[in-house]
Amino acid sequence: MGVDINPTVSRRRLGSELRRLRQASGMTTQQVAQRLLISQPKISLMENGRRLVKPRDVRDLCGLYGIQDRQLVDDLMQLARESGRQGWWNAYGDVPYGAYIGLEAEAATIRTYEPMLIPGLLQTPAYARAVIAGTIPHAPAGQAAMCLTVRMRRQDRLNALDPLRLWTVLDESALRRVVGSRDVMREQLEHLTHLGAQPHITVQVLPHEVGAHPGASGQFTLLEFADATDASVVYLERFTSDLYLEKRSDVRLYGDMYAHLQARALSPDSTTRFITASIEAYGDTQFPTSHDPLLPPHP
């Protein structure tokens, strides 16, 4: 097959279709597990796209569900073969957030809220290097270099012929936090204003003065896909095990939260002025202390 196959998305599509077929047959996951002499968690993981499904599994499940359409079975078995292939990120070894990269690589639209740092898709190499060094302090040099390379390659989605539509709401803290050095921050924020001027990228800043808001509990990302059969996903980054939410009620809740953040954040034009003032502050000879206002009042 072609090099554009995304195993993460193939696995999700296959799992969704297997769930649909099981439900149409009237069987529960417990009944399927008992009939095929496998564990119920395995069935759930396959239907959620969290476990590799082999063509043999597809054959057995379709047989159990009474599927007579040979073309449908062949198509599902092909999806199973595609889901077992390697994504481009696998060439770099054990990437800890490979599942997310697979979703990001296929997403048509991403909306993300970041309270502390500039998102990876918008980072300069110098800023990304400093983030990796600070957040994974004991990583060997080779692992750190791999993380940087993967992060930079992810940004290819923003420069494609059909680019990713990215909407970012940044807490003011992401601008104030000195990552790397003042020079690194100045370069990063200049890069941010350049990207924010692109038609497919929107950046908004949420000033401290708005007080409590729906994003106070932490970072989250909503991924939406062009194919209507691919359900939207909410991604919650955690230190050990990341969370992926696909229930419609969860996705709707986070979508409402994001709408509130967009409404309370500065407009894109005001955000540009806000970031520009921040760049100038990083260039000041007398750099503000943590007790002094780094940025001007709400424009």
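Structural data are supplied above this passage.
Treat the numbers as computed from the prediction; the structure is a model and nothing was measured.

S.K.: Give a description of the pairing of strand β1 (residues 109-114) that names residues and reports values.
M.R.: Of all the six residues making up β1, five are buried; the element is thus mostly covered by neighbouring parts of the structure. Of the pairings in the sheet, the one linking β1 to strand β2 (residues 165-171) comprises six bridges and is parallel in character. Paired with T109 across the two strands is R165, which belongs to β2. Inspection of the sheet shows β1 paired to strand β4 (residues 220-224) by five bridges, in the antiparallel sense. Looking at the pairing, I110 lines up with L223 of β4.

S.K.: Can you tell me about the packing of aromatic side chains, naming the residues and giving the values?
M.R.: Taken as a whole and assessed by the stated rule, the structure comprises five aromatic pairs. One aromatic cluster is present, built from ring pairs that chain together Y113, F220, Y254 and Y258.

S.K.: Tell me what's going on with the pattern of salt bridges, and back it up with residues and numbers.
M.R.: Here the structure, examined in full by the defined rule, presents 12 salt bridges. One salt bridge in this structure joins D230 and R13, with 2.8 Å as the shortest N-O distance. A residue pair is termed long-range when its members are at least 10 positions apart, and D230 in the loop between β4 and β5 (233-236) and R13 in helix α1 (residues 7-25) qualify at 217 residues. Here D230 falls in the buried class, since its relative accessible area comes to 7%. Note that E47 and R22 form a salt bridge whose closest N and O atoms lie 2.6 Å from each other. Of the two residues, E47 sits in helix α3 (residues 40-47) while R22 sits in helix α1, which places them 25 residues apart along the sequence. Each member of the pair, E47 as well as R22, carries the same accessibility label: buried. Among the charged side chains, a network of salt bridges with common partners joins R13, E106, D227 and D230.

About the cut-offs
- Residues numbered from 1 in each chain as written.
- Predicted model: local features only at pLDDT ≥ 70, side-chain atom pairs only at ≥ 80, totals over all residues.
- Heavy atoms only, no water.
- Buried < 20%, exposed > 50% of the residue type's maximum accessible area, 1.4 Å probe, protein only.
- Helix = DSSP H or I, 4+ residues; strand = E, 2+ residues; numbered from the N terminus.
- Pairing = 2+ DSSP bridges.
- Phe/Tyr/Trp six-rings, centres within 6.5 Å; stacked < 30°, edge-to-face > 60°.
- Salt bridge = Lys/Arg side-chain N within 4 Å of Asp/Glu carboxyl O.

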